[in-house]
Every structure is written in structure tokens, then in C-alpha cells.
Amino acid sequence: MNIKRMSAKITGVRDVSPTAREVTLALPEPLEFMAGAFINVFVEKEGKRERRAYSISSDPENQREVTLSIRRTNKPTSLSPVFWRDDVQSLPIDIMGPLGLNTADKITRPRVFLFAFGIGVSVVKGLVHHLLAGDKTEEVIIVTGSRSEEEILYKDFFESLASVDARVSTRFVLSRPMYESYPYAGYLHEHIADYDFTNATVYICGQSAACTALRDAIRAQAPVDPEFLIEAFD
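Residues numbered from 1 in each chain as written. Predicted model: local features only at pLDDT ≥ 70, side-chain atom pairs only at ≥ 80, totals over all residues. Heavy atoms only, no water.

Colleague: What am I meant to see in the state of the cysteines here?
Modeller: The final tally for this structure, using the stated rule, is zero disulfides. Not engaged in a disulfide, the cysteine C211 finds its nearest cysteine sulfur in C205; these two sulfurs lie 6.4 Å apart. Overall, the relative accessible area of 1% leaves C211 in the buried class. (Disulfide = S-S within 2.5 Å. Buried < 20%, exposed > 50% of the residue type's maximum accessible area, 1.4 Å probe, protein only.)

And the structure:
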């Protein structure tokens, strides 16, 4: 990937959960990114120019625009509160990228599991565009882990794909579901026993501890020749 640095313009924001927001950036030239890539974002916070990496969640068919899914946190080092400002669309912003190692070209198997924890679902959204556009993909299993029903990101988007493409299936695991009868309550790695990971690509995105727990649970099932791609963050 040819890394570029350029100014960008925030052209839209929309809430995708009570604590997450999608931000759309218009670019002055094509970024030439691949699904699964991320960019570094530079924006002013409290008088200082700060940097944060965000995964691209939009379709790589449009290289003049990217969307980022951002979780709002109150950590002192977090850049996210900037994107909840009333004047966010007027803020000067620069980006650098594309960056990343676990991009779509690293996925080599016809059966693909896309696992995501929390905001990590943004990577999955970007990857699924690419996977379904090609004829080499036989099956895509999308499994996300969230805290509650209202925190499931892009649920309608993934379910709409599954309704029109027989290769796609979905499962949404909740650690704190509203109803006790919810079938996938608990931790994500507790709801994978019925999956066969033999000769499949297993893509996992989320916080490091969660990614490790899921990978270890999959390995404990002793699948034959799985391919792991792990995009972990703290």
C-alpha cells in the first residue's frame, strides 16, 4: 500500500449506538486502501495536535471517501470526545494511510469467520464488502460480541446481507442481554462449539485479551489447518 498524508473534510456523522458514532471523511484524492486497512487521524484536542488510529469501515470501491466507527470514551488519552463536538464538521483534520497488515488480501480460504468485539466490528464491516464481491468466497460467518442489544453495531446491515446472500450467516453474542431467554448470552468464546473451523480463515478483531481467549477456545477444538488473522488493540 502506498502511504499518503492528506487533509480530509468531515462530511457526516451519525450515531450507530448510544456510545458509538460513524464519521464520514471526504478525501481530496483516492486513498487506494484495501479492506481491513486503518488510517491515522490527526486532529486538535485542547490546543494540541493529537493522533489516533481508526479502522476503515466503508466499501473500498469508493476510494474518495472513508467512514470510521468511533467509540466514545472518557479516558484522558482518548481522542473520541472530539467527534461529539457540535462543530465537529468544521474541524481541520489530516489523515495518514492506508496502514495495516491484516488486510483482505491475507484471507486465503473460501470459508471465512469474521469475529469482532465491540467497536472492532468496523473492520468486519469493511472486510465483508470485499469478500462478497468476489467469487472465491463460499461462506462468511459473522459473529460479534457486544454488551447489550442496543450496543450491537451494524446489526441491520449484516442481517440484510444474510437475507439476500446465502453465503452469509450472523450471530450476535451479548454479555448483558435484556432477556434471560436470549440464546447467545455470555462471552463470545462460549458460543462457538457448533462451528467447524477446519481449513477456514478466522479473522478476529477486538481488545487483546478477548482476541486471545477466543483464539485459544478455537484451538482447543483442534480444527485442521485453520488460518488466523488477529487485529488486536488495547
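This is not the end of the story, as more comes after the structure.
Colleague: How should I be thinking about the layout of surface pockets in this particular structure?
Modeller: To locate leftover empty space, one rolls a probe as large as a water molecule over the atoms. As a volume, the largest pocket reaches approximately 1300 Å³. Surrounding the largest pocket, 42 residues form its lining, F117, G118, I119, Q207 and F233 being those nearest its centre. When contributions to the lining of the largest pocket are tallied by element, the ones reaching two or more residues are β4 (48–55), β5 (65–71), α1 (121–133), β8 (139–146), β10 (201–207), α3 (208–220) and β11 (227–233). Per element, the largest residue contribution to the lining of the largest pocket is four residues, and it comes from β4. (1 Å grid on protein atoms, 1.4 Å probe; cavity = no way out; pocket = protein on both sides within 12 Å on 5 of 7 lines; lining within 4 Å. Points joined across faces, edges and corners; volume = space filled by probe spheres on them. Helix = DSSP H or I, 4+ residues; strand = E, 2+ residues; numbered from the N terminus.)

Colleague: Where do I start with α3 in this structure?
Modeller: The α-helix advances 3.6 residues per turn, and as a result positions three or four apart in sequence lie on the same side. Between the first and last C-alpha of α3 there are 18 Å, a value that for 13 residues agrees with the 18 Å anticipated at 1.5 Å per step. For α3, the full list of buried residues reads C211, L214, A217 and I218. One side of α3 carries all its buried residues, which in axial view fall inside an arc of 130°. Opposite the packed face of α3, turned more than 90 degrees from it, sit the exposed residues A209 and A220. Looking at the buried residues of α3, the elements they touch are β7 (111–117), β10 and β11. After α3 finishes, the residue A222 shows a positive phi value of roughly 55°. (Expected span 1.5 Å × (residues − 1). Arc of directions from axis to C-beta. Contact = heavy atoms within 4.5 Å.)

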